[in-house]
Every structure is written in structure tokens, then in C-alpha cells.
Amino acid sequence: MKSVSLLLALGLGAAVVAAASCGKNPPPQNPGPVVDTAAENQRMRDSIAAAQAEAERQAAAERERIARQREADSIAALGRASEEVRSTLAAMIHFDLDKSNIRSDDMGALDQKVAILQANPELKIRIGGHCDERGSDEYNLALGNRRAQAAKQYLVSHGIDASRIETQSWGEEKPLVDGHDESAWSQNRRDEFEVTSGGDNLRRP
Amino acid sequence: MMERVMAVAVLSIVPSFHLSAQDTSTIDRGVRIGIIYRPGVRPGLVLLPRTGGGMGLDSVRLIVARDLDYSDRFEVITLPGGDSIRFATAPTSARATGRRTGSGTAATGGAQSGSTLNYPLYQALGADFALDITAAGDTTVATLHDIAAASIRRTVRAKLPRPGDPDFRMAVHRLADQALQAALGTPGIAATRVLFVKDGKVYQIDQDGADQKLVSSTDRKAMSPAWGADGRQFAYMEFQAGKGWLYLQDMTTAKRTAVSTTGSALDFTPAFSPDGQTLAFSRATEEGTDLYTINIKNNCCLRRLTVGRFSDNLSPTFSPDGQRIAFVSTRPGLPQIYVMAADGTDQQLFAPFDYGVTGSSNAPEWSPDGQSVAFHRDVAGTLQVFVLDVRTRTVRQLTSVGRNEDPTWAPDSRHLAFVSDRSGYRQLWIIDLDTGRIRPLLQQSGARLPAWSPRLTEAPSTTP
């Protein structure tokens, strides 16, 4: 928007210059003497300055309008930021077969969640631990619980109050992907993160 | 020389492992025969051809014949020509005894106390027992002949419900069990059922694969059904949104009662104590998963048996004397089978394993005779059924075809029902440990977590 208005201002300025040179300076039959040229240059400088002032004024008005617009859009804009934060928060982490330790490639994702939780003190979340279908049906309830606890412990050890994090285990009862191959299994061995309260206007960390 | 000795030692180990695995056939052969199957050892039994009519007699005979076959305790002899060959017997009266005549002799009438079955003929056919099922008015009569003794071993009379009555089949199963008891002096398993979970619902099915019926009455997802020792109720878990609640349900009235626990936790894998007073279960909390017991008679006295901290403890199963509990613990890293006294003391490893080699072991169930614990173990990435010998603490792998899991004991402690995908999809199968014979219990995909009932001594629906 800013660049558009600047272009607009420059265009207007150029138009003014063109108009001035057209209207006030009919083409001489005979190219004038040096004195005429000096006066002409002065007039041109004046008109350019005027055009620039005009462009400046219009740009300022535009900036003001944009500011007002931005202010009017602030709630929506905040919402968009909130949505972005929410999706960062909801990013799943994954586990190795029959394991509940946090993988090093998932620590970055958890660190982002720590930052979000710190930037939004009212925010409370729930972590759901999930397993693939390969393990024992009942043991997977214990394993899912371990996986949820592992993520919670990571967040708590990085300064988040334990009371802000609820955990639950789904065992293998809620697969994300149907399928009976490693691709499906590796996606199903996961922790999911959801907001339980304080998630209306999430701030960026 | 040393090398040769070593080689011999290794060779002697490897085959013994293979010998202990019974389940090596491919699936498309239908019924498979294990390597320790010795047909000559089992007594031969012949179901005598039908004589006379009677309400539902064909159904009764069919059900009894299959029950005796599925007991895996007899060599069931099929008469050449089936029922068309009568061996010159002739019905003479509606009485239970004395109706049969010897081959080539005239009918002797119904008054004699003895039997006139052609014993030498049946002996020649390899029969040790002959079972005759007849109808006398509204009474069904099962007569068991002892061929070697050339006499009637026992006569059982039963007033069976009409075919189609919900209690009919179970009553016939009881008749079959009585016949088996008369022959061998050991109780059968015909009058039993298996509970299992499919699509989040608990179903029951008779051990012969008949009469599948929905039993759970909840809209929540149900898991882990477990029978009470009297067969009148079962416990199970209702699962919703990561929480688990334990319930007891009456088999007759379908009334469900919540087990009073703290309520907001994830409680799972319930197991009754043999006296029916106590329910042991697993509870997952922030600290991990641990074992608890609760008194279900008075709905009180929650007691914690394990303190895992950094390990999980789950899937309890009582020894039949109620003194011990086998369970799963992750204290060695991966889950393995442990045992402790029922009060939580004296916790120790139960099923041996090689650290770093043996895969996860889960889902233990103590056999009704107390001598074994069945469980499943991860072997090369897939689950197989194992049996632990409680006395020697040695394990034996039972299955090797496909994925096999969640074994549950029949009351005879020689049959196990389990989940297997050997046919391409997960369904319920039954294996006889003595013969290695495997049969499908349910031809439906998605069945899991089976629980075999105790002997169901009376029809639940006639119990007030």
C-alpha cells in the first residue's frame, strides 16, 4: 500500500511538471537566449518543488489513512497472529517405536511452545499421547501416557507451570493415519497439543 | 575337537527350540496338526447313529458332536456312511437303555438294564466310547457306553429348552460337558463363552463360534473385558477422551455399575481376584502407570500396589489361589512379565528374557490350573503367543504364523483363545496346547481383547 501511494505521488508530480512545462512554456519559434534559459530553469525548479510538496502531502494523507485502516484492522490482524501462534502450538511431535523420549528433532518445536506459553500467561493446554497399532493394545495406553508426560516434563523443565498442562493418553485408539506401514505408524506415534483455555488472542512470543 | 563339541552343543539347542514351537503350518491348510499331535493316544469316541425322532434332536447331536471334537480330548470316529448305516440296531422303546441290539440278533425290548450294543464291532472301529443321544418325550437322554467294559458308563437326562430358545445351545453344551466328564472324569469346556471387543463394543460368543451377541450397553468405547470367577458378571473399561472408567456389568440383567475410583484418571485392564472380592487394575497418572486394587464388594479401600516412578506397571492377573499377581512392568526398559504377592510385596521377574535381545512382553493371563501364564511377546517385530511354566520359569513359544496376541485361557487350562491375523485380518482363534490344533473362533475382522469365561454352570437368563 505504501509503495503504491509513493508511485502515485511520483506520477502526480511528473504530471504536474509536464502540465507546467506544457502550459506556461509554449515552444519558442526560436530557441531563446541564455537569460531566458535561467528563468525557465528557475520556473522548473519551483514547479518541481510544488509538485513534490503536493506529493508529500498526499503521501502523508495516505499514511494517515493506512494508519487508521491498520487501527481498524487491528482485531483481525491480532486474530491472524493468534491463528499463526495457535498452529505453531498445535504442531505435533513424534516418537520412535515403543519409545517415549523426546527426539532431538522435536525439541525446536517444543521450545516454540515454551515461548508461546511464556508470552501468553493465561494459556492452558492439553497434551494427548498416541501410539501406533503395532504395540499391545492395553500397553499402548500406558505408553501414550508416557509420551504425553514426556512432552509435559520438557515444557515444565523449561519454566512452564505444571498446572497449565493437562495430559491424556489415547493409546492406539485414535490413529491420525489409517494404514499398516511404517509411514502410517510413524505419523501415528505422536503427541497432539490443544488449547484448553486462554487461547482467544494469542500473542507472538 | 573342541570346535566339534561346540557345534554339537549349538545344534542340540536350535532344534529343541523348533520342536517347542507348534505353530508352523501355513494358513491355507484349514485345521492344522501340531508336531506333538498323537492321534493314537486319545480315546476314540463314536456318536451313534440317530434312532428315533425328537424335538431338535438333530441340532442336539450336531452341537454335542462338535463340542466333543472341539474338546480335543477324543479321536472322534465318523461311521462309514454316516447315519445311513445302522449296524443293525433298532429302536424299540423310548427308554434310555436296552434299545440297541447286537448285530444280527433280534430286538430285545426295552426292559433290560444292560446294553446290547455291538461292542466288539465298535471296538474294531477303534472306539473307546460310544455316545447315544435320544429323546424320550421332552427329555433328552445321553447314554455313554464304555466299549472295552461292554457296558453303559453313564446315562444323562436333561430337559432341554426348545431349539431357538436363547438357552437352548448352552443347555446342550452342558450335556456335552456331562458326557465328557462321564468318559474322562474331567470337566469339559463346551459350556463356556468368550467375550471380545469389536468396534468399541463388547460381544460374547459361544466357544463353538455360535450365538454372537452384543453385551456392552454403553455408548462409550469399551475395552478390556474380564470375567468374574463365577461367570455372572464381567468388568471392563470405558474409554473416552483419554480417560478410562471401570465398570462391572451383570451378564443376566446387563446392568452396569461404576467401580468407585477417584474418577478422573485413566483406569484400565481390570482383573477379578478369584474370590470376587477384589478388582485389580492399572491407573495412568502423571507419575506413570501403576497397579491398584479396590474392594468391589464394599466399593472401598483403594490400595496402591506398585510405585513405578520411572517405569509403568500394568495388566494384572491373579493366580487361581489369589495369592499372587502377575503383571507387566517396564522396569527393565521394555515391558516384561513380573510377579508379586497379592499385597504388592515381593516383586520379581517372572518370565525370563534376554536383556537387549528379547522384545516387549505383554498381556499376561494366569491359567486356571495355576501352572502357566500365557502372554504375547514381540519376536522380530511381530507379536507371538508364549506360555510361561510357573514352576520351572521357562517360556515356550506357541505361535509363529502371522501376528498373534492377547491369549486367554479356557477353564481347562489347555486351550487358549487369541487374536491372530494369520488369515489376512485380525480375528479370534483357538489353539489346543496338547495337540497343537488351531481353529478359528470368529470369522470377522477387527475382533480383539478376548476373555474366555469360566464354566457357565447354569443358564444366566434363568438365574433370578
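Here the structure is a predicted model, which means the values were calculated and not measured.

What counts, and where the lines are drawn
Residues numbered from 1 in each chain as written. Chains lettered and ligands numbered in written order. Predicted model: local features only at pLDDT ≥ 70, side-chain atom pairs only at ≥ 80, totals over all residues. Heavy atoms only, no water. Pairing = 2+ DSSP bridges. Helix = DSSP H or I, 4+ residues; strand = E, 2+ residues; numbered from the N terminus. Contact = heavy atoms within 4.5 Å. Axes fitted to C-alpha atoms, helices over the stretch in contact; angles between N-to-C directions. Parallel < 35°, antiparallel > 145°, perpendicular 65-115°, else oblique. Left-handed = near helix turned anticlockwise from the far one by under 90°. Nonpolar A, V, L, I, M, F, W, Y, C, P; charged D, E, K, R; others polar. pLDDT = per-residue confidence, 0-100. Buried area = accessible area lost by both parts, 1.4 Å probe. Salt bridge = Lys/Arg side-chain N within 4 Å of Asp/Glu carboxyl O. Polar contact = N/O pair within 3.5 Å; in protein donor to acceptor, adjacent residues only side chain to side chain. Buried < 20%, exposed > 50% of the residue type's maximum accessible area, 1.4 Å probe, protein only. Expected span 1.5 Å × (residues − 1). Disulfide = S-S within 2.5 Å.

Chemist: Now, about the sheet that holds strand β4 (residues 190-197) of chain A: what can you tell me, with residues and values included?
Modeler: Two orientations exist for strands paired in a sheet by backbone hydrogen bonds: parallel and antiparallel. Residues and elements named next belong to chain A. Strands sit in the order β1-β4-β2-β3 across an open sheet of four strands; the sheet is mixed. Edge positions in the sheet fall to β1 (93-94) and β3 (165-171), since each has one partner strand and no second. Here β1 runs beside β4; their pairing, made up of two bridges, is antiparallel. Its bridge partner being in β4, Ile93 is matched across the sheet by Asp191. Lying over the sheet, helix α4 (residues 139-157) contacts β1, β2 (124-130), β3 and β4, oriented at roughly 155° with respect to β3.

Chemist: I'd like to hear about the packing of helix α3 (residues 104-119) of chain A against α4 of chain A, residue by residue, with values.
Modeler: In a packed pair of helices, the relevant descriptors are the angle between the two axes and the axis-to-axis distance. Residue and element names in this part refer to chain A. Across the interface, α3 lies against α4 with an axial gap of 10 Å and an inter-helix angle of 55°. Overall, the two elements α3 and α4 adopt an arrangement that is oblique. The two elements α3 and α4 cross, and the hand of that crossing is right-handed. For the pair α3 and α4, the contacting residues are Met107, Leu110, Asp111, Lys113, Val114 and Leu117 in the first and Ala151, Tyr154 and Leu155 in the second. For the contact of α3 with α4, the per-class residue count stands at seven nonpolar, no polar and two charged.

Chemist: So what about the confidence of the model for chain B? Which residues, and what values?
Modeler: Per-residue confidence for chain B averages 84 on the pLDDT scale, and 82% of its residues sit at or above 70. The ipTM for the predicted assembly is 0.82, set against a pTM of 0.79.

Chemist: Which residues make up the sheet that holds strand β4 (residues 139-146) of chain B, and what values go with them?
Modeler: Residues and elements named next belong to chain B. In space, the five strands of this open sheet follow the order β2-β1-β3-β4-β5, with mixed pairing throughout. Each having just a single partner strand, β2 (75-77) and β5 (151-158) make up the two edges of the open sheet. On average, each strand axis in the sheet is inclined to that of its neighbour by 25°, with strand direction left out of account. Sitting on the sheet, helix α2 (residues 57-70) touches β1 (44-47), β2, β3 (129-136) and β4, and the angle it makes with β3 is about 155°. Lying on the sheet, helix α4 (residues 168-184) is in contact with β3, β4 and β5; it crosses β5 at an angle near 160°.

Chemist: Can you break down the interface of chain B and chain A residue by residue, with the values?
Modeler: Contacts between the two partners involve 35 residues from chain B, matched on the other side by 20 residues from chain A. In this assembly, chain B packs against chain A so that about 2200 Å² is buried in total across both faces, 45% of it on carbon and sulfur atoms. Taken together, chain B and chain A are joined by five salt bridges. Glu286 of chain B is paired through a salt bridge with Lys152 of chain A; the nearest N and O atoms lie 2.8 Å apart. The tally of links from chain B across to chain A stands at 16 residue pairs in polar contact (both at pLDDT 80 or more). Every element with two or more residues in the side of chain B that touches chain A is listed here: β9 (221-227), β10 (233-240), β13 (266-272), β14 (278-285), β15 (288-295), β17 (313-318), β25 (404-409) and β29 (448-452) of chain B. Looking at the side of chain B that touches chain A residue by residue, the class counts come to 13 nonpolar, 12 polar and 10 charged.

Chemist: Talk me through the side chain of Thr289 of chain B; I want residue IDs and the actual numbers.
Modeler: Inspection of the secondary structure puts Thr289 of chain B in strand β15. When its relative accessible area of 0% is taken as the criterion, Thr289 of chain B is described as buried. Those residues in contact with Thr289 of chain B that sit more than four places away from it in its chain are Ala142 and Asn145 of chain A together with Phe268, Ser282, Arg283, Ala284, Ser311, Asp312, Asn313 and Leu314 of chain B.

Chemist: Tell me about the side chain of Thr330 of chain B, and please be specific about residues and values.
Modeler: For Thr330 of chain B, the position within the fold is in the loop between β18 (324-329) and β19 (336-341). The contacts of Thr330 of chain B, once residues within four sequence positions are left out, are Tyr139 of chain A together with Ser311, Asp312 and Pro335 of chain B.

Chemist: Give a description of the environment of Ile438 of chain B that names residues and reports values.
Modeler: Residues and elements named next belong to chain B. In this fold, Ile438 is placed in strand β28 (residues 438-440). Taking the relative accessible area as the measure of exposure, Ile438 reaches 3% and is therefore buried. Taking the C-alpha atoms as reference points, Ile438 and Gln212, separated by 226 residues in sequence, lie 20 Å from one another.

Chemist: Break down the packing of α2 of chain B against α4 of chain B for me, with residues and values.
Modeler: Residue and element names in this part refer to chain B. Across the interface, α2 lies against α4 with an axial gap of 9 Å and an inter-helix angle of 55°. Between α2 and α4, the interaxial angle falls into the category oblique. Where α2 crosses over α4, the two elements pack in a sense that is right-handed. Residues Ser59, Val60, Ile63, Val64, Arg66, Asp67 and Leu68 of α2 form the contact with α4, whose own contacting residues are Phe168, Arg169, Val172, His173, Leu175, Ala176 and Leu180.

Chemist: Please set out the pairing of strand β21 (residues 361-366) of chain B residue by residue, giving values where relevant.
Modeler: In terms of burial, β21 of chain B is a largely internal element, five of the six residues being buried. Counting the residues that bridge the hairpin from β21 of chain B to strand β22 (residues 372-379) of chain B gives five residues, and of these Gly370 of chain B lies at a positive phi of roughly 80°.

Chemist: Hey, could you go over α4 of chain B for me, with residue numbers and the actual values?
Modeler: Helix length check: α4 of chain B, at 17 residues, gives a terminal C-alpha distance of 25 Å against a target of 24 Å (1.5 Å per residue), a fit within 8%. One or two positions beyond α4 of chain B, positive phi appears at Gly185 of chain B, with a value near 75°.

Chemist: Got a sec to walk through the pattern of salt bridges? Specific residues and values, please.
Modeler: Under the criterion given, the structure shown has 39 salt bridges over all chains. The network of salt bridges with shared partners includes Asp132, Arg134, Glu182 and Arg189 of chain A.

Chemist: I'd like to hear about the state of the cysteines, residue by residue, with values.
Modeler: All names here are of chain B. By the definition in use, this model includes one disulfide over all chains. Covalently, Cys300 is tied to Cys301 through a disulfide, its sulfur atoms 2.2 Å apart. Judged by the sign of its S-S torsion, about -65°, the cystine formed by Cys300 and Cys301 is left-handed. Under the relative-accessibility criterion, Cys300 is labelled partly exposed at 24%. The exposed category is assigned to Cys301, whose relative accessible area is 53%.

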